[in-house]
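# Coordinate inspection notes
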Amino acid sequence: MNGRQMLRITIRALFESPWRLANSYVENSLFQKQAKSWQKNFSTTCTRCSKSRQLGRKRIISEKKLAKCSIDYRKVCVVAGKGGDGISCFHSEPRKVFGGPDGGDGGNGGHIILKVDQHVKSLASVLPYYKSGDGKRGGSKNCYGSNGRTIYVTVPIGTVVTEDGEVVAELYQHGEEYVAAYGGAGGKGNRFFLSNENRAPTLATEGEPGQRKILHLELKTMAHAGMVGFPNAGKSSLLRAISNAKPAVASYPFTTLIPHIGIVHYEDYEQVAVADIPGIIKGAHRNRGLGFGFLRHIEHCSFLLYVLDLSVLEPWTQLQNLKYELEQYEEGLSKRPHAIIGNKFDLPQSKSNLPLLRDQVEERVIPLSALTGENLEELLLHLKELYDDYVKTEAQNHKPMKW
Ligand SMILES: Nc1nc2c(ncn2[C@@H]2O[C@H](COP(=O)(O)OP(=O)(O)OP(=O)(O)O)[C@@H](O)[C@H]2O)c(=O)[nH]1
Ligand SMILES: [Mg+2]
């Protein structure tokens, strides 16, 4: 190596080393940035990088959208599977001439079962037609055909099943099952008919057809108490005041389009379910207003809360009309254990109307204001009394409904 070459190498080394340093520094910082972004994406241990675990606010769905999703009536055609046929055949094997009958039985057809699920809230997921699987044919060598697939249809609590106008099932408990259509039994193979009298039967039977039914599923709201009142009486406001339910409130009639259920919690861990039923008007039993479709939701409430607007002229006429509508829909419905609530007590007209209402009706009237929360305690105490009476009477007959 001559002197010139030596000089070139030294100059290059002098220039390259800071470049290398700078280069490695840049690479390092880039890598660190990349690692940080990975950490952000994948790390759950670092509080700075991990996702916020706070519960998000519940999205409020409009009443119209809710009403569209909550289907409370369905007509369903259910066809259960046919049973598989049994077969007729004889065992054959080398050096075994008369092996005997060995035709197997057919499999049973699948059933269609309605199953109650407390997480399902409407009949929206129920389809208009169901057909379960057919059973398979029997086989030779005494092989049985496999059973058809059973279909489970999940329905909400409070589903009432009717067939030809007759109630065939009322499903009120979570997990309860009702066989809507039985699958046909599988046919018998000729092995089944083997007897001492007949050592070589050739008879084999066909599988039976499954049941076919047209069912009407109706969802009836299940709550202890049902709030009944004219539109704008303040039912939804009252439910908001006594429970965590959030039905829409507005100053126009028919704000509520579907029943809403709120739970009132008491200190002894008892929970009373209160339903806000859409407004009822004169002639509701003749399908006026929102129709009698909503009156059926009241049927299953054990006691009623008549919510009156105390600020209107002659509030007792509201009560008479409400009772009349309920009575027209079903005899004795208005006479269920009930409480009369005079709402909007904060308004000046209500103060003067209260004594007039008390003169007109024999039952106890609870004046309150859902808006200001005035006298809500009296209602809550009376609600508990009604609930305790209900539990006592139901305990003698069957299990009281608990939430
Ligand atoms: N001043 C006063 N206004 C009330 C009170 N309760 C309810 N309101 C008002 O009355 C209007 C109707 O209230 P809602 O709770 O929507 O009445 P609703 O009975 O549920 O009406 P529908 O859903 O149409 O049957 C709203 O503007 C409420 O703010 C109250 O105690 N005092
Ligand atoms: Mg309402």
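Residues numbered from 1 in each chain as written. Chains lettered and ligands numbered in written order. Predicted model: local features only at pLDDT ≥ 70, side-chain atom pairs only at ≥ 80, totals over all residues.

### Remarks on the site of ligand 1
This is how the line gets drawn: Any residue qualifies as near a molecule or strand once its backbone-derived C-beta atom lies within 6 Å of it. Three classes are used: nonpolar for Ala, Val, Leu, Ile, Met, Phe, Trp, Tyr, Cys and Pro, charged for Asp, Glu, Lys and Arg, and polar for all others, with Gly counted as polar.
By nearness alone, 24 residues border ligand 1, and G234, S236, T256, G279 and L371 come closest of all. Of the residues belonging to the shell around ligand 1, the class tally is ten nonpolar, eleven polar and three charged.

### Considerations on the environment of L127
Applicable threshold: By the criteria applied, helices consist of DSSP H or I runs no shorter than four residues and strands consist of E runs no shorter than two, each listed in order from the N terminus. Any residue whose C-beta has 12 or fewer other C-beta atoms within 10 Å is treated as exposed, any with 20 or more as buried, and any in between as partly exposed, C-beta atoms being built from the backbone.
Tracing the chain through its elements places L127 in the loop between β2 (112-116) and β3 (129-131). According to the C-beta neighbour criterion, L127 is exposed, with 10 such atoms within 10 Å. Along the backbone, L127 and V76 are 51 residues apart, and their C-alpha atoms lie at a distance of 6.9 Å.

### Some thoughts on helix α3 (residues 235-242)
Counting buried positions along α3 yields seven of eight residues, so the element is predominantly enclosed. Among the residues making up α3, those that are buried are K235, S236, S237, L238, L239, R240 and I242.

### Details of the sheet that holds strand β12 (residues 303-309)
Basically, it comes down to this: Between any two strands, at least two bridges found by DSSP are needed for them to pair. An axis is simply a line fitted to the C-alpha atoms; with a helix, the fit covers only the stretch in contact. Between two such axes, the angle follows the N-to-C directions and lies from 0 to 180 degrees.
Taken together, six strands build an open sheet; the order of strands is β10-β11-β9-β12-β13-β14 and the sheet is mixed. The open sheet terminates on both sides in strands that have one partner only, identified here as β10 (260-265) and β14 (365-367). Strand-to-strand twist of the sheet, defined as the mean angle between neighbouring strand axes without regard to direction, takes the value 25°. Relative to β14, strand β13 (residues 338-343) runs parallel, the two sharing three bridges. Counterpart to G342 in the pairing with β14 is P367.

### Examining the pairing of strand β6 (residues 166-171)
Direction of pairing for strand β5 (residues 159-163) relative to β6: antiparallel, over a ladder of five bridges. Looking at β6, one finds that V161 is bridged to A169.

### Some thoughts on helix α6 (residues 348-360)
The test is simple: The bend at a residue is defined as the angle formed between two axes, one fitted to the seven residues ending at that residue and one fitted to the seven starting there. It is the C-beta atoms, placed from the backbone, that decide contacts: two residues are in contact if theirs lie within 7 Å.
Considering bend angle alone, the principal kink of α6 is centred on L354 and spans about 30°; proline P355 follows within four residues of it. Restricting attention to buried positions, one finds in α6 the residues S350, N353 and L357. The elements touched by buried residues of α6 are α5 (316-329), β13 and β14.

### A look at the sheet that holds strand β7 (residues 177-181)
If you walk across this open sheet you meet the three strands as β4-β2-β7, and the pairing is mixed. A single partner strand is all that each edge strand has here, and the edge strands are β4 (151-155) and β7. With direction set aside, neighbouring strand axes in the sheet form an average angle of 30°.

### Brief notes about the nonpolar core
To keep things clear, this is the line we draw: Any set of buried Ala, Val, Leu, Ile, Met, Phe, Trp, Tyr and Cys residues joined through C-beta atoms within 7 Å is what this text calls a nonpolar core.
In this structure, A225, V228, V274 and Y306 are the most contacted members of the largest nonpolar core, which totals 46 residues. Take this core: its biggest share by element is six residues, from β12. In this structure, V78, L123, I151 and L171 belong to the second largest nonpolar core, which totals 17 residues.

### Side note on the environment of Q118
Relative to the helices and strands, Q118 resides in the loop between β2 and β3. Those residues in contact with Q118 that lie beyond four places of it in its chain are I157 and H174.

### Regarding unusual backbone geometry
Excluding glycine, residues mostly have negative phi values, and the peptide bonds linking residues are mostly trans. For F254, which is not glycine, the phi dihedral falls at a positive 60°. Within the secondary structure, F254 sits in the loop between α3 and β10. At N375, a position not held by glycine, the phi torsion is positive, near 60°. Its location among the elements puts N375 in the loop between β14 and α7 (376-397). The partly exposed category is assigned to N375, around which 15 C-beta atoms lie within 10 Å.

These values are about where atoms sit, not about what they do.
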